[in-house]
Amino acid sequence: MLCRLIYRSTVVPPFDFDDLRSILAASERNNPPQGITGVLMTASMQFLQVMEGPSDNINELYRTLQRDTGHEHLRLVEFTAIQQRLFDGWAMRGVHRRLMSDELTTFLTKKYGSDESGHLTLPSTAFLATSLLFDVANTDIIGT
Ligand SMILES: Cc1cc2nc3c(=O)[nH]c(=O)nc-3n(C[C@H](O)[C@H](O)[C@H](O)COP(=O)(O)O)c2cc1C
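This is a predicted model, so every value here is computed, not measured.

Draft legend 1. Spotlight on the overall build of the protein. A tally of helices and strands in the protein yields four helices and five strands. Each principal axis of the C-alpha atoms in the protein carries an extent, and together these give about 40 × 35 × 30 Å. Of all 144 residues assigned to the protein, the portion counted as buried reaches 28%. A separation of at least 24 residues holds for 77% of the contacts in the protein among residues at least 6 apart in sequence.

Draft legend 2. Structural view of the site of the ligand. Inspection of the region around the ligand gives 17 residues, with Ala26, Ser27, Asn30, Asp68 and Gly70 positioned closest. Tallying contributions element by element places helix α1 (residues 17–30) first for the shell around the ligand, with five residues. Residue composition of the shell around the ligand, by class: eight nonpolar, seven polar and two charged.

Draft legend 3. Expanded view of helix α4 (residues 126–137). Here α4 contains twelve residues, and its C-alpha end-to-end distance of 16 Å stays within 8% of the 16 Å for a straight helix at 1.5 Å per residue. The inward-facing, buried residues of α4 abut β1 (2–11), β2 (37–43), β3 (46–54), β4 (71–81), β5 (93–96) and α3 (102–112).

Draft legend 4. Up close: the pairing of β1. Direction of pairing for β1 relative to β3: antiparallel, over a ladder of nine bridges. Following the sheet pairing, serine 9 is matched in β3 by phenylalanine 47. As judged from the eight bridges shared by β1 and β4, these two strands associate in the antiparallel manner. What sits directly across from cysteine 3, in β4, is alanine 81.

Draft legend 5. Highlighting the pairing of β2. Judged by how many residues are buried, β2 sits mostly within the fold: seven of seven residues are covered. The two faces of β2 match: Thr37, Val39, Met41 and Ala43 on one face and Gly38, Leu40 and Thr42 on the other face are all buried. Sheet analysis places β2 next to β3, joined by seven bridges and oriented antiparallel. Each residue of the ladder has a partner; that of leucine 40, found in β3, is glutamine 49.

Draft legend 6. Looking closely at unusual backbone geometry. Residues proline 13 and proline 14 are joined by a peptide bond in cis, for which omega reads -5 degrees. With respect to the helices, strands and loops of the structure, proline 14 is situated in the loop between β1 and α1. A positive phi is found at serine 44, a non-glycine position, where the angle reads about 50 degrees. In this fold, serine 44 is placed in the loop between β2 and β3.

Draft legend 7. Looking closely at the sheet that holds β5. In spatial order, the strands read β4-β1-β3-β2-β5; together these five strands make up an open sheet with mixed pairing. Lying at the two open borders of the sheet, with one neighbouring strand each, are β4 and β5. On average, each strand axis in the sheet is tilted by 15 degrees relative to the strand beside it, whichever way the strands run. Strands in contact with α4 are β1, β2, β3, β4 and β5; relative to β2, the strand with the most contacts, it is inclined by about 95 degrees.

About the thresholds
- Residues numbered from 1 in each chain as written.
- Predicted model: local features only at pLDDT ≥ 70, side-chain atom pairs only at ≥ 80, totals over all residues.
- Helix = DSSP H or I, 4+ residues; strand = E, 2+ residues; numbered from the N terminus.
- Buried ≥ 20, exposed ≤ 12 C-beta atoms within 10 Å, placed from the backbone.
- Contact = placed C-beta atoms within 7 Å.
- Near = placed C-beta within 6 Å.
- Nonpolar A, V, L, I, M, F, W, Y, C, P; charged D, E, K, R; others polar.
- Expected span 1.5 Å × (residues − 1).
- Pairing = 2+ DSSP bridges.
- Axes fitted to C-alpha atoms, helices over the stretch in contact; angles between N-to-C directions.

Here it is, written out as structure tokens:
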């Protein structure tokens, strides 16, 4: 059965681009053979990740992630059966807030809200989380 899992977690510092790169390298290695695709977003010391694929493989990956000390306080946002994928373009597309264009950041903070420092808040409801991930996955995210 094909399913989609979305969760949020808190980054355990220190965390930099190299750490994101090594997560994405592991994803490139491991996700395609498991039929898993998705998007991993980081903003304001949080991760928001969506993964789609066969439910056993998604369960297995989520168990692996729960043991990864690079993040903590994992909170499941959605785990649901799906008819078809929404996020099928990437083994795991990594999106860092600092890599997004100003235009996209303004668009997203208007749509999804920001904290007191003006940083994008990551939604914790399934619909808004899916919508945000879909927006960033389907936009040219790299600023000039
Ligand atoms: C936020 C976060 C997201 C991750 N996403 C994935 C993923 O989609 N696929 C994956 O294989 N590993 C992912 N990892 C890394 C795994 O926890 C684990 O380190 C990795 O799968 C080990 O791969 P290896 O056995 O090939 O070395 C992620 C780690 C973090 C902290």
